[in-house]
Amino acid sequence: PDVELAATDGELSEDIKASLHVFDETLSQLQSQCATIEERLRKSSISASSFKEITTAVPVLNGDVDTLQANVDGVTVGPDTRAHRKHLTEAVATLAERVQQLPHLLKRKVDEASTAQKEEGNKMYKAGRFDSAIKYYSDAIEINR
């Protein structure tokens, strides 16, 4: 019986290591997604369709990070996997902090872009170019949606 228990513990340890490896890969993918969104938000101009894509992607990313954190927290570790899990937990927490900042960055960028479109619309209106003014105002409204 003791030999069977040792084998089971060894198999369990291998399963845990395999799970942690999968979590490493998932973490890497989520970090890449976050970096892509951050990069898109740093651009000087963003289209209305890009704003919509980012607005949709942020909550999904946040949910994926929360799921990963729950999965990492749910892993029972032994002495040989404790450090790996600790590293993952810390890395996921850091990513979660970055993801929590994305809505604030997005709102600021939306406000900037919308204001710029409204200001251009005002210039066109004052210049008597009403069709152009309408386009800029419409773009500002679209960005805010």
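Coordinates for the structure precede this section.
Given the structure is predicted, the values throughout are model-derived calculations rather than measurements.

Draft legend 1. Quick peek at the overall build of the protein chain. Of regular secondary structure, the protein chain possesses four helices and zero strands. Each helix and strand of the protein chain, placed in order from N terminus to C terminus, yields the pattern α-α-α-α. Relative to a compact globule of 145 residues, whose C-alpha radius of gyration would be 15 Å, the protein chain shows 24 Å and is clearly more extended. Projected onto its principal axes, the C-alpha positions of the protein chain cover 90 × 20 × 15 Å. In the protein chain, which comprises 145 residues, the share counted as buried stands at 28%. Once local pairs closer than 6 in sequence are excluded, the contacts in the protein chain between residues at least 24 apart make up 71%. Counting only carbon and sulfur atoms, one obtains 54% of the accessible surface of the protein chain, whose full area is about 9400 Å². Side-chain charges in the protein chain split into 18 positive and 24 negative, and the spacing between the mean points of these groups amounts to 15 Å.

Draft legend 2. Seen up close, the pattern of salt bridges. Enumeration over the complete set of coordinates arrives at seven salt bridges. Between Glu14 and Lys17 there is a salt bridge, and its shortest N-O distance comes to 3.8 Å. Linking Glu14 with Lys17, this pair stays in helix H1 (residues 2-42), spanning three residues, or about one helical turn. Judged by its relative accessible area of 49%, Glu14 falls in the partly exposed class. Arg98 is the partner of Glu38 in a salt bridge, and the nearest nitrogen-oxygen pair spans 2.7 Å. Of this pair, Glu38 sits in helix H1 while Arg98 sits in helix H3 (residues 82-126), and the two are 60 residues apart along the sequence. The exposure class assigned to Glu38 is buried, which follows from its relative accessible area of 15%. Exposure remark for Arg98: the relative accessible area of 27% places this residue in the partly exposed category.

Draft legend 3. Main features of the side chain of Ser114. By secondary structure assignment, the location of Ser114 is in helix H3. Beyond its immediate chain neighbours, meaning those up to four positions away, Ser114 contacts Ala140, Ile143 and Asn144.

Draft legend 4. Quick peek at the side chain of Lys109. With respect to the helices and strands, Lys109 occurs in helix H3. The buried charged residue Lys109 lacks any salt bridge partner; its closest oppositely charged side chain belongs to Glu112, at an N-O distance of 4.2 Å. A distance of 2.4 Å separates a polar side-chain atom of Lys109 from the backbone oxygen of Lys43.

Draft legend 5. Highlighting the packing of H3 against helix H4 (residues 130-144). Where H3 contacts H4, the two axes come as close as 7 Å, and the packing angle between them is 165 degrees. As far as their axial angle goes, H4 and H3 are roughly antiparallel. Crossing handedness for the pair H3 and H4: left-handed. Across the interface between the two elements, Val110, Ala113, Ser114, Gln117, Lys118, Glu120, Gly121, Asn122, Met124 and Tyr125 from H3 touch Phe130, Ser132, Ala133, Tyr136, Tyr137, Asp139, Ala140, Ile143 and Asn144 from H4. Classifying every residue of the contact of H3 with H4 gives 10 nonpolar, six polar and three charged.

What counts and what doesn't
Residues numbered from 1 in each chain as written. Predicted model: local features only at pLDDT ≥ 70, side-chain atom pairs only at ≥ 80, totals over all residues. Heavy atoms only, no water. Helix = DSSP H or I, 4+ residues; strand = E, 2+ residues; numbered from the N terminus. Rg over C-alpha atoms; globule rule 2.2 N^0.38 Å. Buried < 20%, exposed > 50% of the residue type's maximum accessible area, 1.4 Å probe, protein only. Contact = heavy atoms within 4.5 Å. Areas by Shrake-Rupley, 256 points an atom, 1.4 Å probe, with all protein chains shown as cover. Lys, Arg positive; Asp, Glu negative; His and termini not counted. Charge placed at Lys NZ, Arg CZ, Asp CG, Glu CD. Salt bridge = Lys/Arg side-chain N within 4 Å of Asp/Glu carboxyl O. Polar contact = N/O pair within 3.5 Å; in protein donor to acceptor, adjacent residues only side chain to side chain. Axes fitted to C-alpha atoms, helices over the stretch in contact; angles between N-to-C directions. Parallel < 35°, antiparallel > 145°, perpendicular 65-115°, else oblique. Left-handed = near helix turned anticlockwise from the far one by under 90°. Nonpolar A, V, L, I, M, F, W, Y, C, P; charged D, E, K, R; others polar.

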